[in-house]
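# Architecture and fold: a report
Letter by letter, the chains look like this.
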Amino acid sequence: VDMDSLAAIGTPSSLTCPECHGPLWEMNDRSLVRFRCRTGHAFTAESMLSGQAEAVEDALWLAINTLEERALVSDRLAADARNRQHSLMAARFAENAQEARQQAEIIRRVVLQTAGAAGIDEAAFEGQA
């Protein structure tokens, strides 16, 4: 779908597609609020909300995983610095590891609390991270 075709059947919105993150157009449909991106992804207002919620959850799990990996790399660097007898560097890397783990835990609690508030079994999320 090209931009001119979308402009003929809808108006640009300030929203982005939860699938491809491209711009969305609000379609001219009097009975239902709908959106479509230039790659063809289409959403009702309700499916848009669902897609956005899923995108947020995916981003939060990615943040948790990235922070945990950062902690592992920092631990490895701290051990290497200790072996080289660079105590200040070792302490700095150990502190980075601890901060990353704390940040990951904060995000994990938010995700799990949100799941609990939505009535979703938190055990289903335990395997995500």
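Now for a quick tour of the structure. Predicted model, so just to flag it, every value in this text is computed and none were measured.

## Some words on the overall build of the protein chain
Counting its regular elements, the protein chain contains three helices and four strands. Per-residue burial for the protein chain yields a buried fraction of 25% across its 129 residues. For the protein chain, the computed accessible surface area is about 8700 Å², with 53% contributed by carbon and sulfur atoms.

## A look at the sheet that holds strand 1 (residues 10–16)
Pairing within the open sheet is antiparallel, and its four strands lie in the order 1-2-3-4. At either end of the open sheet lies a strand with only one pairing partner, and these are strand 1 and strand 4 (42–44). Adjacent strand axes in the sheet meet at a mean angle of 35°, parallel and antiparallel pairs treated alike. For strand 2 (residues 23–27) and strand 3 (residues 34–37), the ladder comprises three bridges, and the chain directions are antiparallel. Note on strand 3: the bridge partner recorded for Glu 26 is Phe 35. Taken strand by strand, helix 2 (residues 45–83) contacts strand 1, strand 2, strand 3 and strand 4, and its axis lies near 105° from that of strand 4.

## Topic: the pairing of strand 1
Consecutive side chains of a regular strand alternate in pointing toward one face of the sheet and then the other. The pairing of strand 1 with strand 2 spans four bridges and is classified as antiparallel. In the sheet register, Pro 12 faces strand 2, and the bridge partner there is Trp 25. Between strand 1 and the antiparallel strand that follows it, strand 2, lie six residues; His 21 among them carries a positive phi value of about 70°.

## Regarding the nonpolar core
Judged by nonpolar contacts, Trp 61, Ile 64, Leu 67, Ala 71, Ala 97, Ala 100, Ala 104, Ile 107 and Val 111 together constitute the single largest core of nine residues. The set of elements that each furnish at least two residues to this core consists of helix 2 and helix 3 (87–117). Per-element accounting of this core gives the leading share, five residues, to helix 3. Apart from residues lying up to four places away in sequence, Ala 100 is in contact with Leu 67, Arg 70 and Ala 71. If you look at the next biggest cluster of nonpolar residues, it comprises six residues, including Cys 17, Leu 24, Phe 35 and Met 48.

How each quantity is defined
Residues numbered from 1 in each chain as written. Predicted model: local features only at pLDDT ≥ 70, side-chain atom pairs only at ≥ 80, totals over all residues. Heavy atoms only, no water. Helix = DSSP H or I, 4+ residues; strand = E, 2+ residues; numbered from the N terminus. Buried < 20%, exposed > 50% of the residue type's maximum accessible area, 1.4 Å probe, protein only. Areas by Shrake-Rupley, 256 points an atom, 1.4 Å probe, with all protein chains shown as cover. Pairing = 2+ DSSP bridges. Axes fitted to C-alpha atoms, helices over the stretch in contact; angles between N-to-C directions. Contact = heavy atoms within 4.5 Å. Core = buried A, V, L, I, M, F, W, Y, C linked by side-chain atoms within 4.5 Å.

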